[in-house]
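Fold and contact review
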Amino acid sequence: MLATFTALAEPNRLRIVELLRQGPRPVNEIKDALRLQQPQVSKHLRVLKEAGLVDVQPRAQQRLYELRAEPLQALHQWLEGYRQLWDDRFNEMDELLAELNEKEKNNVRKKRH
């Protein structure tokens with residue numbers, strides 16, 4: 001997972017991953033879409049491939065790059081644990097706020113009598 005975070009930490013690589021979400025693309029299409037030089041794109045794709053985030057498929061004279069689901073699914077599962085933690089904490093906070101609101105209402109009623 002560290003390789004995934006390291007690879008995605010670089011903004012251009014994250015942009016490439018976002019672009020590849022739409023489907024496989026050749027280097028030239030990535031280069032044009034992101035307005036980067038071909039050597040830059042190739043370097044970023046190499047890092048993404050080494051991190052296991054993309055696969056490359058030769059097609060005639062080009063190479064098509066596509067996302068691999070497995071590392072992104074692993075990232076999703078890891079993040080899901082944190083989402084559940086925060087959901088639980090927000091639920092506890094909601095319960096506490098409801099309790100405080102009820103106490104406030106009771107205090108207001110007592111002052112009226």
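Everything here concerns the structure above.
1. Considering the sheet that holds strand E2 (residues 54–59)
Read across the open sheet, the three strands follow the order E1-E3-E2; overall the sheet is antiparallel. Sheet topology places strand E1 (25–26) and E2 at the edges, where each strand pairs with a single neighbour. With two bridges joining them, E1 and strand E3 (residues 62–67) adopt antiparallel strand pairing. Counterpart to Pro 26 in the pairing with E3 is Leu 64. Contacts from helix H2 (residues 11–20) reach E1, E2 and E3, with the element oriented near 90 degrees to E3.

2. Concerning the side chain of Arg 13
You can see Arg 13 is positioned in helix H2. Despite being buried, Arg 13 has no salt bridge partner; Glu 10 is the closest side chain of opposite charge, sitting 4.7 Å away. A polar contact of 2.9 Å, which involves the side chain of Arg 13, links it to the backbone oxygen of Ala 7. Only 3.3 Å separates the side chain of Arg 13 from the side chain of His 44, close enough to count as a polar contact.

3. As for H2
For H2, the set of buried residues is Asn 12, Arg 13, Ile 16, Val 17, Leu 19 and Leu 20. Along the axis of H2, the buried positions cluster into a sector of 160 degrees, meaning they face one direction only. Contacts made by the buried residues of H2 are with helix H1 (2–8), E1, helix H3 (27–34), helix H4 (38–50), E2 and E3. For H2, the N-terminal cap is Glu 10; the gap from its side-chain oxygen to the backbone nitrogen of Asn 12 is 2.7 Å.

4. So, the packing of H3 against H4
H4 packs onto H3 with a crossing angle of 110 degrees between their chain directions and a minimal axis gap of 9 Å. The angle between H3 and H4 falls in the class roughly perpendicular. Considering how the two elements wind past one another, H3 and H4 form a crossing that is right-handed. On H4, the residues touching Val 27, Asn 28, Ile 30 and Lys 31 of H3 are Gln 38, Val 41, Ser 42 and Leu 45. Its residues assigned to classes, the contact of H3 with H4 comprises four nonpolar, three polar and one charged.

The rules behind each value
Residues numbered from 1 in each chain as written. Predicted model: local features only at pLDDT ≥ 70, side-chain atom pairs only at ≥ 80, totals over all residues. Heavy atoms only, no water. Pairing = 2+ DSSP bridges. Helix = DSSP H or I, 4+ residues; strand = E, 2+ residues; numbered from the N terminus. Contact = heavy atoms within 4.5 Å. Axes fitted to C-alpha atoms, helices over the stretch in contact; angles between N-to-C directions. Buried < 20%, exposed > 50% of the residue type's maximum accessible area, 1.4 Å probe, protein only. Lys, Arg positive; Asp, Glu negative; His and termini not counted. Salt bridge = Lys/Arg side-chain N within 4 Å of Asp/Glu carboxyl O. Polar contact = N/O pair within 3.5 Å; in protein donor to acceptor, adjacent residues only side chain to side chain. Arc of directions from axis to C-beta. Parallel < 35°, antiparallel > 145°, perpendicular 65-115°, else oblique. Left-handed = near helix turned anticlockwise from the far one by under 90°. Nonpolar A, V, L, I, M, F, W, Y, C, P; charged D, E, K, R; others polar.

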